[in-house]
Amino acid sequence: MTVYFIGAGPGDPDLLTIKGRDLIARCPACLYAGSLVPEAVVAHAPEGARVIDTAPMTLDEIMAEIEAVHGRGEDVARVHSGDPSLYGAIAEQIRRLRAVGIPFEIIPGVPAYTAAAAALQTELTLPEISQTVILTRTTMQSSAMPEGEELEELGRSKATLAIHLSIRNLRHIERALTPHYGAECPVAVIYRASWPDQQVIRGTLSDIRGKVRDAKITRTALILVGRVLGEEDFRDSALYDAAHTHVLRPEVKV
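- Under an unreviewed UniProt entry, the name given to the protein chain is Precorrin-4 C(11)-methyltransferase, and the source organism is Nisaea acidiphila.
- Turning to the protein chain, the UniProt annotation filed under Sequence similarities (unreviewed entry) states: "Belongs to the precorrin methyltransferase family."
- Turning to the protein chain, the UniProt record has this under Pathway (unreviewed entry): "Cofactor biosynthesis; adenosylcobalamin biosynthesis."

Here it is as structure tokens:
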């Protein structure tokens, strides 16, 4: 018996991996985060499978269900949104599984920030503009940020930022980042990336809060900050430059 932590992707059911789909289709039990995982994903569960939305459940209740399935010698598809390694709350589940000797595997999924970049039709790394993407969040009700990971510190890098779980903290984001990025730095807010009701709001650090407020977006949105958003004045990558040689495109001797 194995528990499979499966990344369901950002929302579009077609972005579920083939491996994830096939595992869901053969597991007699499927526990999924219903607040973020569309029903079309768990519709792949086999007929007669026990399919449970864990959104209203506590960790103890979830683990009790998994242990009960384990007692029957059956596999579990534990389906999380995006990629389970990012804000997936799987670490505490894994700790419990290890403690009771239940085996598990992790199946990666498409993370929300890549779906957001696709919605913006942009690359998050551009030559000489930004070569670093920082995935982070801000302090909200759930947990504080570790020392040294506050936006004021991360902003010193001037890297492209993908800020999760922080749409109600835009005032703080503006104040923390403006000294490093400037008030006119591009910002994009992507609500429910890849879902049918996806919304994209573009602005700057100085005006994005008002635009988001007017759109009445209060949850399930990712914030991207950085010069790469809408930047056109950058040099071509060396990857395809005719003057750049490498092992797969050696220099031609004349």
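Quick look at the overall build of the protein chain
Move 1: From N to C terminus, the protein chain includes eight helices and 10 strands.
Move 2: Once the C-alpha set of the protein chain is aligned to its principal axes, its extents read approximately 60 × 60 × 35 Å.
Move 3: Across the 254 residues of the protein chain, 43% fall into the buried class.
Move 4: A sequence separation of at least 24 residues applies to 66% of the contacts in the protein chain between residues at least 6 apart.
Move 5: In the protein chain, which carries 26 positive and 33 negative side-chain charges, the distance between the mean positions of the two groups comes to 3 Å.

Regarding the environment of Leu-170
Move 1: Looking at the secondary structure, you find Leu-170 in helix α7 (residues 170–181).
Move 2: Given the relative accessible area of 5%, Leu-170 is considered buried.
Move 3: Separated by 38 residues in sequence, Leu-170 and Ile-208 place their C-alpha atoms 7.9 Å apart.
Move 4: The contact partners of Leu-170, leaving out residues within four places of it in the chain, are Ile-208, Arg-209, Val-212 and Ile-223.

Points about the environment of Pro-13
Move 1: Within the secondary structure layout, Pro-13 lies in the loop between β1 (3–7) and α1 (18–26).
Move 2: Taking the C-alpha atoms as reference points, Pro-13 and Val-41, 28 residues apart in sequence, are found 5.6 Å from one another.
Move 3: In contact with Pro-13, other than residues within four places in its own chain, are Pro-38, Ala-40 and Val-41.

Looking at the nonpolar core
Move 1: Within the largest apolar cluster, 24 residues are counted, with the highest numbers of intra-cluster contacts made by Leu-177, Ile-223 and Val-225.
Move 2: Only α6 (151–154), β7 (160–164), α7, β8 (186–191), α8 (208–215) and β10 (221–225) provide two or more residues apiece to this core.
Move 3: The biggest single contributor to this core is α7, with five residues.

Thoughts on the sheet that holds β7
Move 1: Read from one edge of the open sheet, five strands run β6-β7-β10-β8-β9, paired in mixed fashion. Of all strands in the sheet, those with a lone pairing partner are β6 (133–137) and β9 (199–204), marking the two edges. Geometrically, the sheet is characterised by an average inter-axis angle of 20 degrees between neighbouring strands, direction not taken into account.
Move 2: As judged from the six bridges shared by β8 and β9, these two strands associate in the antiparallel manner. By the bridge assignment, Ile-190 is partnered in β9 with Val-200.
Move 3: Of the strands in this sheet, β6, β7, β8, β9 and β10 are in contact with helix α5 (residues 112–120), which crosses β10 at around 70 degrees.

As for the sheet that holds β1
Move 1: If you walk across this open sheet you meet the five strands as β3-β2-β4-β1-β5, and the pairing is parallel. The open sheet has two edge strands, β3 (50–53) and β5 (104–107), and neither has a second partner. Mean inter-strand twist for the sheet, computed between neighbouring axes without regard to direction, equals 15 degrees.
Move 2: Inspection of the sheet shows strand β2 (residues 29–32) paired to β3 by four bridges, in the parallel sense. Considered in β3, the bridge of Cys-30 is made with Val-51.
Move 3: Across the sheet, helix α3 (residues 59–71) lies against β1, β2, β3 and β4 (76–80), angled at about 165 degrees from β2, the strand it touches most.

With respect to the packing of α7 against α8
Move 1: Contact geometry for α7 and α8: axes closest at 9 Å, N-to-C directions at 170 degrees. Put simply, α7 runs roughly antiparallel to α8. Crossing of α7 over α8 shows right-handed handedness. For the pair α7 and α8, the contacting residues are Leu-170, Arg-171 and Glu-174 in the first and Ile-208, Arg-209 and Val-212 in the second.

Conventions used here
- Residues numbered from 1 in each chain as written.
- Predicted model: local features only at pLDDT ≥ 70, side-chain atom pairs only at ≥ 80, totals over all residues.
- Heavy atoms only, no water.
- UniProt positions renumbered as here; feature names shortened; annotations may be inferred.
- Helix = DSSP H or I, 4+ residues; strand = E, 2+ residues; numbered from the N terminus.
- Buried < 20%, exposed > 50% of the residue type's maximum accessible area, 1.4 Å probe, protein only.
- Contact = heavy atoms within 4.5 Å.
- Lys, Arg positive; Asp, Glu negative; His and termini not counted.
- Charge placed at Lys NZ, Arg CZ, Asp CG, Glu CD.
- Core = buried A, V, L, I, M, F, W, Y, C linked by side-chain atoms within 4.5 Å.
- Pairing = 2+ DSSP bridges.
- Axes fitted to C-alpha atoms, helices over the stretch in contact; angles between N-to-C directions.
- Parallel < 35°, antiparallel > 145°, perpendicular 65-115°, else oblique.
- Left-handed = near helix turned anticlockwise from the far one by under 90°.

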